[in-house]
Amino acid sequence: MSDTVRTRFAPSPTGYPHVGNIRSALFAWLFARHHNGVFILRVEDTDVERSVEGSLEYILEGLRWLGMDWDEGPGVGGNYGPYVQSQRLHLYQDAARRLVESGHAYYCYCSPERLEALRAEQIKRKMPPGYDRHCRNLTDEQRKAKEAEGITPVVRFKTPLAGKTRFHDEIWGDVVFENSHIEDLVLLKSDGYPTYHLANVVDDHAMEISHVLRAEEYISSAPLHLMTYEALGYTPPKFAHLPMVLGHDRSKLSKRHGATSVLEFREQGYLPEAMLNFLALLGWSLDDKTDVITRDELIKNFSLERVSKTAAIFNHEKLKWMNGVYIRKLTPEAFAQMCVPFLEGAFHENIPSMDYVLEVLPLVQERAKLLTEVPELTHYFFSDQLNYDAKLLISKDMTAESTRKALAVAKERLEKLPGFDAQTLEAMLRPLAEELKLKTGQLFGALRTAVSGETATPPLFQMMAVLGRERCLIRIQEAIDKLAAL
RNA sequence: GCCCCCAUCGUCUAGAGGCCUAGGACAGUAGCCUUUCAAGCUACCGACAUGGAUUCGAAUUCCAUUGGGGGCACCA
């Protein structure tokens with residue numbers, strides 16, 4: 001075995017992966033990239049019942065979106081394939097047979113009903129639930145009798161009844177488990193599929209995985225895995241159990257916590273760079289001050305020593321802030337490109353041209369935290385239906401009448417203005433406020449609402465320049481009419 | 001119920017015995033800038049869970065308590 005770092009992300013296609021899974025994948029990916037190693041994607045489709053159509057493609061798309069490329073696995077191949085566990089069943093079956101033959105495992109004929117009843121009884125009597133090792137010492141005759149009944153057995157690991165299993169975790173340090181607390185877990189199911197425990201050990205060994213990075217929830221099954229490696233005569237990889245990612249109520253992430261799958265974040269208008277940056281900081285830190293960090297810096301600096309042991313709560317607010325940071329860093333062209341799908345979704349054929357879009361978007365780039373906010377921030381550039389309350393036209397210390405008069409004068413001057421660029425507009429409008437004995441805010445506020453229907457917009461002159469003279473004049477006239485009707 | 005683990009501002013975290021009257025960031029509050037909204041800048045608010053022990057000295061070590069999390073499937 002070489003000392004190349006080989007890590008893997010091994011999702012099971014049973015639904016959409018939440019951000020906690022992806023964070024684990026990210027750490028495995030960063031670790032591999034940092035060490036110029038190999039990142040492997042392996043599909044753990046051993047649960048036929050819970051398999052969900054399309055979820056694998058969804059997972060792959062999520063990884064691609066974040067730019068987490070894999071060197072071996074679905075779509076790219078590799079020398080250790082196939083990378084889909086349902087295509088490697090014979091390997092697990094061979095391993096299970098070897099374990100039985102060497103006395104490390106045994107056939108169990110207990111029915112699911114018996115196991116369920118057993119568990120219910122244990123819970124009722126406040127006993128720790130677990131298999132009672134009923135089939136552990138079956139005689140050959142007893143086994144033959146069960147076989148004759150036509151029962152297909154499962155294979156269970158024969159856990160030592162005493163002693164301790166210890167291992168070194170790269171993050172948690174030395175971990176020790178009492179063997180007596182570990183059950184005789186099923187390695188091979190009666191349908192011929194392996195459980196996670198067996199499949200993991202067999203594949204991580206076969207694929208020469210050097211470091212297993214996975215979530216903390218697996219730490220208690222690590223001893224079983226260690227014993228299985230040993231029973232099979234394999235050298236175990238290094239383990240690094242990652243802290244959990246929790247929802248705002250400190251419980252495991254689930255649907256109630258709002259968006260939890262990566263692609264949902266894409267739909268909500270998050271940028272992959274922001275997402276990656278944010279996820280990396282969930283359980284890892286560079287130093288005492290760095291928040292915004294590029295992908296390359298992440299790769300360059302990632303290390304297991306700086307992974308924390310404490311579970312992290314997913315903080316949407318900070319993600320949103322970070323997304324704003326990344327949006328502002330985009331070039332105007334890149335920003336426009338990212339916004340187009342969202343604009344098309346909202347305005348369809350009302351988008352006159354890309355040139356126009358490129359004039360509009362710089363006005364809101366530093367105001368948007370999410371790409372999904374862009375349509376609402378720019379609607380008046382694309383639609384002439386403003387639908388606002390006429391009262392919004394009236395600035396502080398003004399009346400409908402004074403506002404109407406001010407707008408009428410402004411309209412008159414705008415009609416005659418030689419140009420309609422921001423500078424020309426400002427040069428005319430500022431003195432006009434003074435002339436009308438109004439504060440700039442009063443006049444500008446009325447104009448702002450008149451041309452946009454909003455009270456919060458980008459700077460007035462720039463906005464008007466992009467809207468164009470004709471549109472502004474029509475809208476100001478509409479505002480005057482609205483005021484007259486009050 | 002049993003086993004394992006964790007514990008610094010509301011949240012993400014820095015901190016590996018004296019650099020800590022605990023640093024940064026998000027959020028919140030106030031102000032500056034300003035035609036509004038953002039952005040930016042400034043300030044404020046705000047934490048070492050509790051109790052013991054070790055030590056000249058503890059957020060940092062040890063023990064207990066409390067709190068939280070994870071696991072205890074023919075799921076992964």
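Figured I'd write up the structure that's included with this text. (Residues numbered from 1 in each chain as written. Chains lettered and ligands numbered in written order. Predicted model: local features only at pLDDT ≥ 70, side-chain atom pairs only at ≥ 80, totals over all residues. Heavy atoms only, no water.)

## Looking at the nonpolar core
Counting residues in each nonpolar core, the largest one holds 107 residues, and the members touching the most others are L279, F314 and F381. For this core, the element with the most residues is helix α1 (residues 19–34), which contributes ten residues. Setting aside anything within four residues of it in sequence, one finds F381 in contact with Y356, V360, L363, M463, V466, L467 and R471. One finds V175, V201, M207 and M227 within the second-largest nonpolar core, a separate group that totals 35 residues. (Core = buried A, V, L, I, M, F, W, Y, C linked by side-chain atoms within 4.5 Å. Buried < 20%, exposed > 50% of the residue type's maximum accessible area, 1.4 Å probe, protein only. Helix = DSSP H or I, 4+ residues; strand = E, 2+ residues; numbered from the N terminus. Contact = heavy atoms within 4.5 Å.)

## Considering the environment of L386
Mapped onto the elements of the fold, L386 is located in the loop between α14 (373–382) and α15 (400–416). For the pair L386 and H257, spaced 129 residues apart in sequence, the C-alpha to C-alpha distance is 35 Å. In this structure L386 touches Y380, A450, V451, S452, G453 and R475, once residues within four positions along its chain are discounted.

## Side note on the sheet that holds strand β7 (residues 186–188)
Pairing is antiparallel across the open sheet formed by three strands, whose spatial order is β3-β4-β7. Of all the strands in the sheet, just β3 (105–108) and β7 have a single pairing partner and so form its edges. When strand polarity is set aside, the average angle formed by the axes of neighbouring strands in this sheet is 45°. (Pairing = 2+ DSSP bridges. Axes fitted to C-alpha atoms, helices over the stretch in contact; angles between N-to-C directions.)

## Notes on the side chain of T165
The residue T165 is located in strand β5 (residues 164–169) in this model. Of note is the side chain of T165, whose polar atom sits 2.6 Å from the side chain of N179. Those residues in contact with T165 that sit more than four places away from it in its chain are V175, V176, F177, N179, P223, L226 and M227. (Polar contact = N/O pair within 3.5 Å; in protein donor to acceptor, adjacent residues only side chain to side chain.)

## What to know about the pattern of salt bridges
Summed over all chains, the structure comprises 30 salt bridges. Here R136 and D184 are joined by a salt bridge, their closest N and O atoms 3.0 Å apart. Note that R136 is positioned in the loop between α4 (112–124) and α5 (140–148) and D184 in the loop between β6 (173–178) and β7, a separation of 48 residues in sequence. Of the two residues, R136 and D184, neither departs from the other in class, the shared state being buried. Several salt bridges converge on common partners, so that one network encompasses R8, R42, E44, R88, D203 and D204. (Salt bridge = Lys/Arg side-chain N within 4 Å of Asp/Glu carboxyl O.)

## Considerations on the packing of aromatic side chains
Two descriptors summarise a pair of aromatic rings, namely the distance from one centre to the other and the angle between the planes of the rings. Applying the stated criterion across every chain, the model contains twelve aromatic pairs. On the numbers, 6.0 Å between centres and 70° between planes, the contact of F167 with F239 is edge-to-face. Of this pair, F167 sits in strand β5 while F239 is found in strand β9 (residues 238–242), placing the two residues 72 residues apart along the sequence. Considered together, F167 and F239 belong to a single accessibility category, that of buried residues. Taken together, F265, Y270, F278 and F314 form an aromatic cluster joined through their ring pairs. Above the face of the Y80 ring, R6 is positioned so that its terminal group lies 4.0 Å from the ring centre. Over the aromatic face of Y388 sits the side chain of K482, whose NZ or CZ is 4.3 Å from the ring centroid. (Phe/Tyr/Trp six-rings, centres within 6.5 Å; stacked < 30°, edge-to-face > 60°. Lys NZ or Arg CZ within 6 Å of the ring centre and 35° of its normal.)

## A closer look at the packing of helix α17 (residues 440–452) against helix α19 (residues 469–484)
At a minimum axis distance of 8 Å, the contact between α17 and α19 shows a crossing angle of 105°. It follows from the interaxial angle that α17 and α19 lie roughly perpendicular. Facing α17, whose interface residues are L447, A450 and V451, α19 presents C472, R475, I476 and A479. Among the residues making up the contact of α17 with α19, the classes are represented as six nonpolar, no polar and one charged. (Parallel < 35°, antiparallel > 145°, perpendicular 65-115°, else oblique. Nonpolar A, V, L, I, M, F, W, Y, C, P; charged D, E, K, R; others polar.)

## Quick look at the protein's contact with RNA strand B
Taken together, 65 residues form the shell around RNA strand B, and within it W172, K189, E366, R367 and R448 come nearest. Sugar plus phosphate: this is where 71% of the atoms of RNA strand B within 4 Å of the protein reside. The side chain of S285 places a nitrogen or oxygen atom 3.0 Å from a phosphate oxygen of RNA strand B. E366 is positioned such that a nitrogen or oxygen atom in its side chain is 2.6 Å from a base nitrogen of RNA strand B. (Near = heavy atom within 4 Å.)

## Here we look at the packing of helix α16 (residues 422–435) against α17
Helix-helix packing is described using two parameters, namely the angle between the two axes and the distance between the axes. Running from amino to carboxyl end, α16 crosses α17 at an angle of 120°, the nearest separation of the two axes being 8 Å. The angle between α16 and α17 falls in the class oblique. α17 is crossed by α16, and the crossing has right-handed handedness. Residues L429, R430, L432 and A433 of α16 form the contact with α17, whose own contacting residues are T440, L443, F444 and L447. When grouped by side-chain class, the residues that make up the contact of α16 with α17 number six nonpolar, one polar and one charged. (Left-handed = near helix turned anticlockwise from the far one by under 90°.)

## What to know about the pairing of β5
The side chains of a regular strand alternate between both faces of the sheet. In β5, alternate side chains face the same way, and those of T165, F167 and D169 are buried while those of K164, R166 and H168 on the opposite face are not. With six bridges connecting them, β5 and β6 associate as antiparallel partners. Each residue of the ladder has a partner; that of F167, found in β6, is V175. Taking the residues between adjacent antiparallel strands as the criterion, β5 and β6 are bridged by three residues.

Everything listed is a geometric property; what it means functionally is a separate question.
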